[in-house]
Amino acid sequence: MDFKELMNSREYDFLRENPRLGRRIILLGLGGSYAYGTNNENSDIDFRGITLNIPSDLLGLTEFEQYEDGHTDTVIYSFNKIVKLLLECNPNTIELLGLDEEQYLIKTALGQELLSHKELFLSKRAAKSFGGYAGAQLRRLQNAIARDSMPQPEKEQHIYNSVKNALEDFERNNELSGKGSIHVYIDKAENSELETEIFIDAAYKHLPLRDYRNMLHVMNNVIRDYDKIGKRNRKKDDNHLNKHAMHLIRLFMMAIDILEKGEIRTHRKDDADLLRSIRKGDFQKEDKTFSDAFYDLLADYENRLETATRNSKLPDNPDMEKVERFVEYMNRKAIDGDI
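Residues numbered from 1 in each chain as written. Predicted model: local features only at pLDDT ≥ 70, side-chain atom pairs only at ≥ 80, totals over all residues. Heavy atoms only, no water.

S.K.: Mind laying out the packing of aromatic side chains, listing which residues take part and the relevant values?
M.R.: The description of an aromatic ring pair uses the distance of the two centres, along with the angle that the planes make with each other. Applying the stated criterion across every chain yields a total of ten aromatic pairs. Aromatic pair phenylalanine 294 and tyrosine 295: ring centres 5.5 Å apart, planes at 80°, arrangement edge-to-face. Tyrosine 295 gets classed as partly exposed once you look at its relative accessible area, which sits at 35%. One aromatic cluster is present, built from ring pairs that chain together Tyr12, Phe14, Phe47 and Tyr67. Over the aromatic face of tyrosine 36 sits the side chain of arginine 250, whose NZ or CZ is 3.7 Å from the ring centroid. (Phe/Tyr/Trp six-rings, centres within 6.5 Å; stacked < 30°, edge-to-face > 60°. Buried < 20%, exposed > 50% of the residue type's maximum accessible area, 1.4 Å probe, protein only. Lys NZ or Arg CZ within 6 Å of the ring centre and 35° of its normal.)

S.K.: Describe the sheet that holds strand 3 (residues 66–69), with residues and values.
M.R.: Strands sit in the order 3-4-2-1-5 across an open sheet of five strands; the sheet is mixed. Because the sheet does not close on itself, it has two edges, and the strands there are strand 3 and strand 5 (104–107). Ignoring which end each strand starts from, the neighbouring axes of this sheet average 15° apart. The pairing of strand 2 (residues 46–51) with strand 4 (residues 74–78) spans five bridges and is parallel. Residue pairing for strand 4: glycine 49 is matched across the bridge by isoleucine 76. Packing against the sheet, helix 5 (residues 79–87) makes contact with strand 1 (25–31), strand 2, strand 3 and strand 4, and its axis sits at approximately 90° to strand 4. Packed on one face of the sheet, helix 7 (residues 109–116) meets strand 1, strand 2 and strand 5 and runs near 65° to strand 1. (Pairing = 2+ DSSP bridges. Helix = DSSP H or I, 4+ residues; strand = E, 2+ residues; numbered from the N terminus. Axes fitted to C-alpha atoms, helices over the stretch in contact; angles between N-to-C directions. Contact = heavy atoms within 4.5 Å.)

Written as structure tokens, this is what we have:
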């Protein structure tokens, strides 16, 4: 497929016409399965990119974090927003710095500057960020397997465990200490259609509304994902289940590359056969659970990630002085129009 020709079609006119995009875009590349090399005939086309902040974002009162076009599955992050995500080795954004050359659709001189400085964002934080995403992927996988076989109280317990783990991940990644607490628990249901039900007791003081909204969003996503699984038809359900399993292993692969080699390798061409095999369902049994071979593979990658984290030569955290100098350099270019 000619992705550059697609990018230049009418449905992507927003890339050229939106004043925050256009010539301010410094990187645009493939996302999702086409980026990983695990695409099949049903794969969506995702574009991911970075655009420079406008001067009023940097010197005035305007704010901008990202532009999303749902029709084309395109997300363009502002430079300042993506820097914050890259500092945490966020898997969904750091992968944009690890594409093959031909997978970039736009790469300006400043885009190349960012790629040339990507080591600034690599640290042992990758173990937690990729491990957290992998953990979320595993919970979705476990939820899917459990959907039909468990009675309602056990299903509720399963959702409870997932919500609790998701909240722990959220709290680790956000500075909420000292602002209060949230208690999640199971009790006799008030909903007449359920035997047991998940409840929360929340007590916060001076908590930013957006943080609270994001916390609720995390819990809602767990429940939504679980409910969606039960509503899918069998064939689609199997496809999604195997896709979760594939991405779980892919996340481990990428984290190990970062920690062992200091490399971001988004396009998994050397691992494509294994990943495609998982996606096709080669590790799934007739009862829709996964084979011992899959869990042996998972255990191996978990051990490799632990070893890679322990032996990694990467710093525990990014060198913020160097990062700040680079960000200031890029933003001065954005203000001066030297783009």
